[in-house]
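Examining the three-dimensional arrangement
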Amino acid sequence: MYRYGEDYADRYSNVNPVMASFSDLTEDIVPSRPPQKPAHTKVIEDRSERGRPSSGTPSVSSTTYRSERMPFVEPKGFFISYWRLFWLVLLVVLLVLIVAILTAFIDSPRRGSGEVSGTAPPTTLDPSIPYHRPRLPTNVVPKMYDIDLTIDADDREYSGSVGVTVSCSENTKYIILHSAFLTIDPDKVSVSRDGYAEPLDVRRQFYFELHQYYVIEMENELEVDEEYRIAIGEFKGVMYQDLTGLYISEYTDVNANLRKVIATQFSPTFARKAFPCFDEPGMKAIFQVTVDHPRDYKVLCNTKVALDRPSAVSDTWQVDVCEATPVMPTYVVGLVLVNPDYRSMERIRPDGFQIRVWSRSEVINHLDWLLDIADRSLLFFESYFTRNEVIRKSDHVAIPTHMFNAMENWGLVTYYESNAVYNQVTETIRAKVWTAIISVHECAHMWFGNLVTMKWWADVWLKEGFATFFMYEAMEVLEPSWGMSDIAAVEIVQDALIRDGFVTSKQMSDPAIDEVDEIFANFGWTVYYKGLSILRMLKGMLGTEAFDRGIHTYIDRYKFSNADTGDLWNEFTKATGGSLDVKHIMDTWIFQKGYPVVTVRRTTDQTTGQKRVVIEQSYYVLKSESTTINYGESRYGYKWDIPFTYVTSSDRHNVVTKWLYANTTSETFDLPGDHSNNWILGNIGLTGFYRVNYDIDNWNRIIRQLADDHTVFTPVSRAAIIDDAFALQRAGLLDTQTAMRVTLYLTKEDQYEPWLAAIRRLNYLYDRLCFSPIYGMYEIYVRGLLRDVEGAQGWTVNTDQENIRAQSLREVILQAACKYGSDACVSTARSLFQSFIESGEPVEPGLTRVVNTVGIMYGNEDDWNKLWSIALAGNHVINAEALAASSIPWILERYMSRCVNLSSDCPVTRHQVVGQVGNNVIGHTVAMDFIDDHWNDILATFYSARVFEDGILTAADLSNTESGLRVLESLLGRTSESHPAYSVLEKVIEKVKINVEWTHAYEYEMRRFLESDEAKSVL
């Protein structure tokens, strides 16, 4: 699963109406996600009585007691005689006896379904009660599912039945499954010994909504080493357009007809929303799926359709029976029903393996690249593992709406349509690369995640980190001219270093993850980007041969089963012949957040005169002055086992590795020969997940080398030097003058990797200085750095011949040149934009973003409205950022209002709009005021940490002042701690505090540099 689509919880403005069915079947109810409105208030309802009171009837919990100061009111009533009182009491006694007799009768055990009960929610959870625990007990595990579904795209409600064969590993009275937003008929639920028809006695059944459980309590214990059959004869569900479970995706075809596609998104915890199941990754089983559906729809499932037969529903329906799947987890069960407008293309290999791509007819001709890269990706992995894909077909389906970029259902990969489609006429090579790496990522999951599955979601990095790592490794083989390994170093590893450098970051594997919200939140950049980075470092540490051998034995040992991080490390240790304790080394990277900075110092032995080097590690972390570091919270005290690599100027092709262990503070080693004038460079090729600092003498030597001949360092090494220098300056570990002097050589730089690193860091300074009196000097300086490389780019893009790095360089340079006010850049972009708006003359794909951004920045309302219309027509990927670039405040206000309102059309990712406006210098105040004014509505509309972290609250990136900080602190005070926005706000406030302190501490130092002769030399 490649995670960058919209989150499921964003889509709920009200609780699912199917939840009403829970009110009659629930014990211990606490609302599950998605929550009831208001979303920022966590409500625990008391449903001890059956049914729900009318909205006009206050419950005891919703009223307040009157105080003793309430004025006296004369009592009113009626008189009753003693005889009447006697007969009334006698009647009450008789009623009590009748109720007691009925209760005893009802409580007696029954064959089959048992009682369905509901009680008040517990004030505390008792971990000795199995259904009070957030994870399923492991004494009853599934082996085989038989799932029958009846689905009609024109009827949102669907029905089904499921039979599950389970094995029992210890005696228990409880069978606990997951079920969410489903209505189960308890009279059609039974449990029997496998192979026997006679049902066992069921004491009761109930929902435990806090953990989304359906609990079957038996009268007698299930017995160890026995197999049982759970039959749920009927359940009903509802398909929404919420992108979770079994959902509806709608679009309008070329003839303006509304079309529907039925699709599934079960990862991470949504299979339970489609059918009752053991919805945890460790509960792997075989799945046999049967679908009863209208004949004009085609069923696609994990496996091939084995047979079809007539339906009892109608002559226009049919029943499709899919082949049984391999043993796999619930989250990769997949089902798609495509309408007659859908088309496919296919390849069939000589061995009969079938690969198909599917989409609506309008775009099917643009799926040829997906078909090609998916086929070659699977061949790559089959060759790498010397193991064929288990399922002998692979369908790849473009869905108009999707929660993520794509989903790795085994044998049935689904894609957000825009990620699957590549039009070589209108799109850049960058778009081609994007489609390729997403497809490779999903194909990698057939081995990492599907064949071998993590035991629990705490180790989700085992599938996502490996899939991200291999999407670049595979592309090095499939498209070697692209240089994807170097691109990964600067686009992925450096981004992970930046994100992981804050005190608010989190560790890659957290055994404490239990709840649904925690599971979903764990799908973040850490498991993808840091996962890739750690594996990249591990490969460099072990060498290719041992690394590959470890992966092969890991896959072979745990195929069709589950593994955890420790299991992986053990296989790598074996692959080294025991020469390295990989678990001991790598646990320091997995089970604590952040990373180290290695400081390199030269020394001279006073006795022998021998040149020596001392390396020492410390925790690199960005934090405000008021924040303290609790080193005791980490089991390793924020120390790491570090494979430190280095070269020297006299022997720059000889990479040396020195170990710096977590239980030591520093290491010392000798430098052979005369190294008096040599520089030392650490972390070669950016293979290590750490930063490197040097004594000032070595920094000066590196800067001198960059000025004399920067090509001595590889492009990735130059990028690492730049990024480390600015990161160290930001943390107060390197002086501002030295960090800025590293940029002086950029007037001669012409490669993508160093420029990406440089512009990323220069833009951070832009954010800090854009409201400063010295900004004018800073802008002139950056324009001087860009002048020559900007002139070399030109404005013509040849998508067929240029490589990805050349095109990427052009994009980042022209965007930066226009951002920093280059007259030539702005003039050309405005001219191209006017030609596009006035006459429809197309802009080269690689230039669309910069042209539209500049055009809107300098344009008027008519220009904005025209681009908005183009975005509504479908060209939203590039135009989203441009629409936020307007210099007209009321247009920006209208833009945000339209997209935050879920009932209004918005052609872009809604939650990103406010952040994009906030990163416009003119729009920053507009966006922060908008957030402040509409905060309660925003909280009620969006319920996802990622929406706020990567979207709405990025509007605060330009905040450098105490007043801006107070606005954020005010928002925090208005937010419930249970809302995901609360923890994000804490992170943002910490970052803004750092920004404020940086501005106070270093603005003067920036002025000193900008006024220096060295800085003036580049103007």
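Heads up: the structure comes first, above all this text.
In this text the structure is predicted, and so the values were computed from the model without any measurement.

Reading guide: rules and limits
- Numbering of residues starts from 1 in every chain and runs along the sequence as written.
- The predicted nature of this model means local features are confined to residues of pLDDT at least 70 and side-chain atom pairs, given and counted, to a pLDDT of 80 or more, with totals for whole chains, interfaces and linings taken over all residues.
- Water and hydrogen atoms were dropped before computing side-chain values, which therefore reflect all heavy atoms in the structure.
- Numbering goes from the N terminus for both helices and strands, where a helix is a DSSP run of H or I of at least four residues and a strand is a run of E of at least two.
- Burial here depends on accessible area, computed with a 1.4 Å probe over protein chains only, as a share of the maximum for the residue type. Under 20% is buried, over 50% is exposed, and the range in between is partly exposed.
- Any pair of residues with heavy atoms lying within 4.5 Å of one another is described as a contacting pair.
- Only the protein chains shown count as cover for residues, and all accessible areas are computed by the Shrake-Rupley method using a 1.4 Å probe.
- Two strands are counted as paired when DSSP detects at least two bridges linking them.
- Angular values range over 0 to 180 degrees, each being the angle between N-to-C directions of two axes fitted as lines to C-alpha atoms, with helices fitted over their stretch in contact.
- What counts as a ring pair is set by centres within 6.5 Å for rings of Phe, Tyr and Trp (its six-membered ring), and what kind of pair is set by the plane angle: stacked under 30 degrees, edge-to-face over 60, tilted for all other angles.
- In this scheme, Lys NZ or Arg CZ marks a charge over a ring once it lies within 6 Å of the ring centre and within 35 degrees of the ring normal.
- Counted as a polar contact is a pair of N or O atoms within 3.5 Å, where, for protein atoms, one must be capable of donating a hydrogen and the other of accepting one, and residues adjacent in sequence contribute only when both atoms are in side chains.
- Our working definition of a disulfide is a cysteine sulfur pair at a distance within 2.5 Å.
- The cut-offs work like this: below 35 degrees is roughly parallel, past 145 is roughly antiparallel, 65 to 115 is roughly perpendicular, and the gaps in between are oblique.
- Residues are sorted three ways: Asp, Glu, Lys and Arg are charged, Ala, Val, Leu, Ile, Met, Phe, Trp, Tyr, Cys and Pro are nonpolar, and all the rest, Gly among them, are polar.
- One less than the residue count of a helix, multiplied by 1.5 Å, gives the span that helix is expected to have.
- Each direction from the helix axis to a C-beta atom contributes to the arc, which is the arc of those directions.
- What makes a salt bridge here is a side-chain nitrogen of Lys or Arg within 4 Å of a carboxyl oxygen of Asp or Glu, nothing more.

**Points about the overall build of the protein**
- Along the backbone of the protein there are 28 helices and 31 strands.
- Looking at the protein as a whole, 57% of its 1019 residues qualify as buried.
- Taking the contacts inside the protein whose residues are at least 6 apart along the sequence as the reference set, 73% of them involve residues at least 24 apart.
- As displayed, the protein has an accessible area near 41100 Å², and 50% of this comes from carbon and sulfur atoms.

**Thoughts on the sheet that holds strand S28 (residues 651-660)**
- On the basis of which strands lie adjacent, the open sheet formed by three strands has the order S28-S27-S30 and antiparallel pairing. Looking at the sheet topology across the chains shown, the edges are occupied by S28 and strand S30 (680-682). Strand-to-strand twist of the sheet, defined as the mean angle between neighbouring strand axes without regard to direction, takes the value 30 degrees.
- Both strand S27 (residues 642-648) and S30 contribute to a ladder of three bridges, which runs antiparallel. By the bridge assignment, Val-647 is partnered in S30 with Leu-681.

**Topic: the packing of aromatic side chains**
- As enumerated under the stated definition, the model contains 56 aromatic pairs in all.
- An angle of 15 degrees between the planes, with centres 5.6 Å apart, marks the rings of Phe-385 and Trp-447 as stacked. Of this pair, Phe-385 sits in helix H2 (residues 368-385) while Trp-447 sits in the loop between helix H4 (429-444) and strand S23 (452-454), and the two are 62 residues apart along the sequence.
- Under the relative-accessibility criterion, Phe-385 is labelled buried at 7%.
- The exposure class of Trp-447 is buried, given its relative accessible area of 2%.
- Relative to Phe-470, the ring of Phe-448 lies with its centre 5.4 Å away and its plane at 20 degrees, an arrangement referred to as stacked. Placement of Phe-448 in the loop between H4 and S23 and of Phe-470 in helix H5 (residues 461-478) is noted, with a sequence separation of 22 residues between them.
- Since its relative accessible area comes to 1%, Phe-470 is described here as buried.
- For the cation-ring pair, Lys-819 lies above Tyr-766, with the distance from its terminal atom to the ring centre recorded as 3.9 Å.
- For the cation-ring pair, Arg-898 lies above Trp-868, with the distance from its terminal atom to the ring centre recorded as 4.9 Å.

**So, the side chain of Asn-405**
- Within the element layout of this structure, Asn-405 appears in the loop between strand S20 (393-399) and strand S21 (406-407).
- At 2.9 Å, the side chain of Asn-405 forms a polar contact with the side chain of Asn-419.

**Some remarks on the pairing of strand S9 (residues 213-222)**
- Judged by how many residues are buried, S9 sits mostly within the fold: seven of 10 residues are covered.
- Note that strand S5 (residues 172-178) and S9 share six bridges and pair antiparallel. Bridging from a neighbouring strand, Leu-177 pairs with Tyr-214 of S9.
- Examined bridge by bridge, strand S8 (residues 201-208) and S9 share six bridges and lie antiparallel to one another. Paired with Gln-205 across the strands is Ile-216, a residue of S9.
- Where S8 folds back onto S9 in an antiparallel hairpin, the turn is made up of four residues, including Gln-212, whose phi is positive at roughly 55 degrees.

**Section: the state of the cysteines**
- Taken as a whole and assessed by the stated rule, the structure comprises three disulfides.
- Bridging Cys-301 to Cys-322, the disulfide has an S-S length of 2.2 Å. Because the torsion about its S-S bond is -110 degrees, the bridge between Cys-301 and Cys-322 counts as left-handed. You can see Cys-301 sitting in strand S14 (residues 298-301) and its partner Cys-322 sitting in strand S16 (residues 317-322), a full 21 residues away along the chain.
- If the cysteines joined by disulfides in the protein are listed in sequence order, their pairing comes out as 1-2, 3-4, 5-6.

**Here we look at the pairing of strand S22 (residues 412-416)**
- Here S22 lies mainly inside the structure; four of its five residues are buried.
- As consecutive antiparallel partners, S21 and S22 are separated by four residues, and within that stretch Gly-411 has a phi angle of approximately 80 degrees, a positive value.

**Observations regarding the sheet that holds strand S29 (residues 666-670)**
- Strand order across the open sheet formed by four strands is S29-S26-S25-S31, with mixed pairing between neighbours. Since the sheet does not close on itself, it has two edges, and those belong to S29 and strand S31 (691-694), each with one partner. Averaged over all pairs of adjacent strands, the angle between their axes in this sheet comes to 25 degrees, without regard to strand direction.
- Strands strand S25 (595-604), strand S26 (611-620) and S31 of the sheet are contacted by helix H13 (residues 715-730), whose axis makes an angle of about 75 degrees with S31.

**Side note on the packing of helix H15 (residues 752-769) against helix H27 (residues 980-1010)**
- Where H15 contacts H27, the two axes come as close as 10 Å, and the packing angle between them is 100 degrees. With respect to their mutual orientation, H15 and H27 come out roughly perpendicular. For the pair formed by H15 and H27, the contact residues are Tyr-764, Leu-765, Arg-768 and Leu-769 on the first element and Asn-995, Trp-998, Thr-999, Glu-1003 and Met-1006 on the second.
- When grouped by side-chain class, the residues that make up the contact of H15 with H27 number five nonpolar, two polar and two charged.

**A short note on helix H18 (residues 823-839)**
- Taking 1.5 Å of rise per residue, 17 residues should cover 24 Å, and H18 covers 24 Å from first to last C-alpha, within 8% of that figure.
- Those residues of H18 that fall on the buried side of the exposure criterion are Cys-825, Val-826, Ala-829, Phe-833, Phe-836 and Ile-837. Down the axis of H18, the smallest arc covering the buried residues is 100 degrees, so these residues share one side. Exposed and facing more than 90 degrees away from the buried side of H18 are Asp-823, Glu-838 and Ser-839.
- Where H18 is buried, its residues contact helix H16 (775-793), helix H17 (804-819), helix H19 (848-857) and helix H20 (861-872).
- Gly-840 lies just past H18 and shows a positive phi near 75 degrees.

**Section: the pattern of salt bridges**
- The tally for this structure, following the rule as stated, stands at 56 salt bridges.
- A salt bridge links Glu-217 to Arg-203; the nearest nitrogen and oxygen atoms lie 3.8 Å apart. Of the two residues, Glu-217 is situated in strand S9 and Arg-203 in strand S8; the sequence distance between them amounts to 14 residues.
- On the accessibility criterion, Glu-217 (9% relative accessible area) is buried.
- Owing to a relative accessible area of 39%, Arg-203 belongs among the partly exposed residues under this scheme.
- Lys-574 is the partner of Glu-571 in a salt bridge, and the nearest nitrogen-oxygen pair spans 3.4 Å. Note that Glu-571 and Lys-574 are positioned in helix H10 (residues 565-575) at a spacing of three residues, about one turn of the helix.

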